[in-house]
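# Examination of the molecular architecture
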Amino acid sequence: MSDHRIGIVGLGVISRAYLETLQGAAGVRITAVADLDAQRAADVAAGLPGARALTPAELYADPEVDTVLNLTIPAAHDEVALAAIAAGKDVYGEKPLTATLEAAHTVVSAADAAGRRVGCAPDTVLGAGVQTARAAVEAGMIGQPVSATATWLSRGHEAWHPQPDFYYREGGGPLLDMGPYYLTALVQLLGPVAWVQGASSRARDTRTIATGPRAGESIPVEVETHVTGVLGHVGGALSTVTFSFDAVATRAEPIEVHGVDGMLVLPDPNHFSGAVHLRRAGSPESEELPVSAGYEDAARGVGLLDFVAGPGRASGDVALHVLDVMTSLLESAAAGERVSLGSTAVVPSPVPLTTRADWHGGAQA
Ligand SMILES: NC(=O)c1ccc[n+]([C@@H]2O[C@H](COP(=O)([O-])OP(=O)(O)OC[C@H]3O[C@@H](n4cnc5c(N)ncnc54)[C@H](O)[C@@H]3O)[C@@H](O)[C@H]2O)c1
């Protein structure tokens, strides 16, 4: 069978991780790259045998591209996805699916109408960490799940990202940026969400870039920078979540899941693996669970390989539902009222334990 041909649009910071995974992976080939910055595309293509530097418009129209990998900033996700779909391509993109829920519906509807597929990060939830925890929940190790906590707090990405503007514009903020990892994990563990109640705040109206050529420059803050709330899952469990760019650090566990017979502590869902700990009712100690499910030694891009192999667990439908959870939390925070969700999602099939040799199939990056 011939290789599935990938065209990448958006060649910034995260593109390096994808290039590392995709180069040499069995069954796929990067045939074209594009960016608004033509020099960036030329530089990347120069290091990628077989790939051509194109303009974005040329890439969408290119007959040598089957799937467009959309690694642009959130505000451009819908524009790029719609152009790719209109040109008859499948599209897999970085999170969040789009900057607004309305745009997400437009993208998913356009894909449905055109018979194209949409996939979306995060794919970290397909790794051994979240999948081992999910297997434990599904095996009844904590009994009936009752609640979960998900916590991510930091000082803000301007501390390390040289172009952090998008984190402080619509489609950014700690919730839309980091929420997808945690909330997609909660959907994997506890199922879709029926309603949310949120609260939010914004400590500062400007931020200062700390690194790169623009270090010292002040940028405006247009989004809420501390968001917290409760999610009511369809199955009845309640998750309490916190996301913040207004903290120095946290010592909270990234995710805990509590059931009537036990509790689970998950590793950072921004990573693919890490220890999962189980504490059973009546036991004074936690035990580390052996890895039992998920893509082992995974890296960004494994979700695209899963999507290419089909049907694609990092799906547009799950991403749309998670975006609905996030935008509804912000809407609830602004209104001071509980918001019922208009979307739901089918939890993708669990990932059986899969070695790197089996999911990557090619040379080690
Ligand atoms: N940086 C990270 O560590 C990280 C981690 C995980 C996910 N992500 C996600 O990846 C995406 C990209 O983040 P990044 O940090 O690489 O951003 P970045 O700003 O470093 O790179 C984005 C690139 O997209 C290009 N671009 C923007 N609009 C475009 C358009 N309409 N057409 C073609 N090119 C366009 C820009 O010129 C730039 O080269 C975001 O959705 C982000 O949430 C980033």
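All of the points below concern the structure found in this document. Within each chain, residue numbers correspond to sequence positions counted from 1 in written order. A pLDDT threshold of at least 70 governs which residues receive local features in this predicted model, and a stricter bar of 80 or more applies before side-chain atom pairs are shown or counted, although totals over entire chains, interfaces and linings include all residues. The basis for the side-chain values is all heavy atoms of the structure; hydrogens and waters are excluded.

Summing up its helical and strand segments, the protein chain has ten helices and 17 strands in all. Computation of the radius of gyration draws on C-alpha atoms, with the globule rule given as 2.2 Å multiplied by the number of residues to the power 0.38. Its C-alpha atoms give the protein chain a radius of gyration of 20 Å, near enough to 21 Å, the size a compact globule of 365 residues would have. Burial classification: accessible surface area is computed with a 1.4 Å probe over protein chains only, and a residue below 20% of its type maximum counts as buried, one above 50% as exposed, and the rest as partly exposed. Buried residues in the protein chain amount to 54% of all 365 residues. Contact between two residues is taken to exist if any of their heavy atoms lie within 4.5 Å; hydrogens are not considered. Taking the contacts inside the protein chain whose residues are at least 6 apart along the sequence as the reference set, 72% of them involve residues at least 24 apart. In this charge count, Lys and Arg are treated as positive and Asp and Glu as negative; neither His nor the chain ends contribute. For this purpose, a charge sits on NZ of Lys, CZ of Arg, CG of Asp or CD of Glu. Considering the protein chain, the positive charge centre built from 23 side chains and the negative charge centre built from 41 side chains are found 2 Å apart. Secondary structure is summarised from DSSP: a helix means a run of H or I of at least four residues, a strand means a run of E of at least two, and numbering begins at the N terminus for each.

Before going further, it helps to spend a moment on the environment of Leu11. Inspection of the secondary structure assignment puts Leu11 in the loop between strand S1 (4-9) and helix H1 (15-22). Sequence separation between Leu11 and Leu183 is 172 residues, and the spatial gap between their C-alpha atoms is 26 Å. Non-local contacts of Leu11, meaning those with residues more than four positions away in its chain, are made with Val33, Ala34, Asp35, Arg40, Ala41 and Val44.

Just to be clear on terms, a salt bridge is a Lys or Arg side-chain nitrogen sitting within 4 Å of an Asp or Glu carboxyl oxygen. Here the structure, examined in full by the defined rule, presents 18 salt bridges. Sharing partners across several salt bridges, the network here consists of Glu158, Arg204, Arg207 and Asp246.

To continue, consider the packing of helix H5 (residues 101-114) against helix H9 (residues 316-335). With their axes 9 Å apart at the nearest point, H5 and H9 run at an angle of 165° to one another. By the criterion of interaxial angle, the relationship of H5 to H9 is roughly antiparallel. Where H5 crosses over H9, the handedness of that crossing is left-handed. Counted together, Leu101, Ala104, His105 and Val108 of H5 and Gly316, Asp317, Leu320, Leu323, Asp324 and Thr327 of H9 form the full contact between these two elements. Here the nonpolar group is Ala, Val, Leu, Ile, Met, Phe, Trp, Tyr, Cys and Pro; Asp, Glu, Lys and Arg are the charged ones; every other residue, Gly included, is treated as polar. Across the contact of H5 with H9, the residue classes break down as five nonpolar, three polar and two charged. Note on geometry: axes are C-alpha line fits, over the in-contact stretch for helices, and angles between N-to-C directions span 0 to 180 degrees. For classification purposes, an angle smaller than 35 degrees is called roughly parallel, one larger than 145 roughly antiparallel, one from 65 to 115 roughly perpendicular, and anything else oblique. Two helices crossing with the near one rotated counterclockwise from the far one by less than a right angle form a left-handed crossing, whereas a clockwise rotation gives a right-handed crossing.

Another point: the sheet that holds strand S12 (residues 238-244). A sheet is described by the order of its strands in space; here nine strands give the open sequence S16-S15-S14-S13-S7-S12-S11-S8-S17, paired in mixed fashion. Lying at the two open borders of the sheet, with one neighbouring strand each, are strand S16 (287-288) and strand S17 (339-340). We call two strands paired when DSSP finds no fewer than two bridges between them. Sheet analysis places strand S15 (residues 277-280) next to S16, joined by two bridges and oriented antiparallel. Counted as the bridge partner of His277 is Glu288 from S16. Contacts from helix H6 (residues 128-138) reach strand S7 (145-153) and strand S14 (262-266), with the element oriented near 170° to S14. Set on the sheet, H9 makes contact with strand S8 (193-201), strand S11 (226-233), S12 and S17; between it and S8 the angle comes to about 50°.

The subject of this paragraph is the pairing of S14. With respect to burial, S14 is a largely interior element, five of its five residues being buried. Judged by which residues are buried, S14 turns out to be covered on both faces: Gly262, Leu264 and Leu266 on one side and Met263 and Val265 on the other are all buried. Across five bridges, strand S13 (residues 255-259) lies against S14 in antiparallel orientation. When the sheet's bridge partners are listed, Gly259 is paired in S14 with Gly262. Between S13 and S14, which pair antiparallel one after the other, the connecting turn spans two residues.

Pairing is parallel in the open sheet, where six strands are placed in the order S3-S2-S1-S4-S5-S6. The sheet is open, and its two edges are formed by strand S3 (52-54) and strand S6 (118-120), each paired on a single side. Averaged over all pairs of adjacent strands, the angle between strand axes in this sheet comes to 25°, irrespective of strand direction. Where strand S4 (residues 67-70) lies against strand S5 (residues 90-93), four bridges are found, and the strand directions are parallel.

Looking now at the side chain of Thr225. With respect to the element layout, Thr225 can be found in the loop between strand S10 (218-220) and S11. According to the relative accessible area criterion, Thr225 is buried, its value standing at 0%. Separated by 2.6 Å, the side chains of Thr225 and Asp246 make a polar contact. If we skip the residues at most four places from it in the chain, Thr225 touches Tyr168, Pro174, Ser201, Arg202, Ala203, Arg207, Phe243, Ser244, Phe245 and Asp246. Between N or O atoms, a polar contact is any pair within 3.5 Å; within protein, one atom must be a potential hydrogen donor and the other a potential acceptor, and residues adjacent in sequence are included only when both atoms are from side chains.

Mapped onto the elements, His233 comes out in strand S11. The class of His233 is buried, set by a relative accessible area of 4%. Among the polar contacts made by the side chain of His233, one reaches the main-chain carbonyl oxygen of Gly191 at a distance of 2.9 Å.

Near the ligand, the surroundings consist of 26 residues, among which Ile14, Asp35, Arg40, Lys95 and His161 are the closest. Val13 has a polar backbone atom sitting 3.0 Å from an oxygen atom of the ligand. A distance of 2.9 Å separates an oxygen atom of the ligand from a polar backbone atom of Lys95. Residue burial considers only the protein chains on display, and all accessible areas are found by Shrake-Rupley using a 1.4 Å probe. Taking 830 Å² as the accessible area of the ligand by itself, protein coverage stands at 89%. Of all the secondary-structure elements, those providing two or more residues to the shell around the ligand are helix H4 (77-86) and helix H7 (173-190). We call a residue near a molecule or strand as soon as one heavy atom of that residue lies within 4 Å of the molecule or strand.

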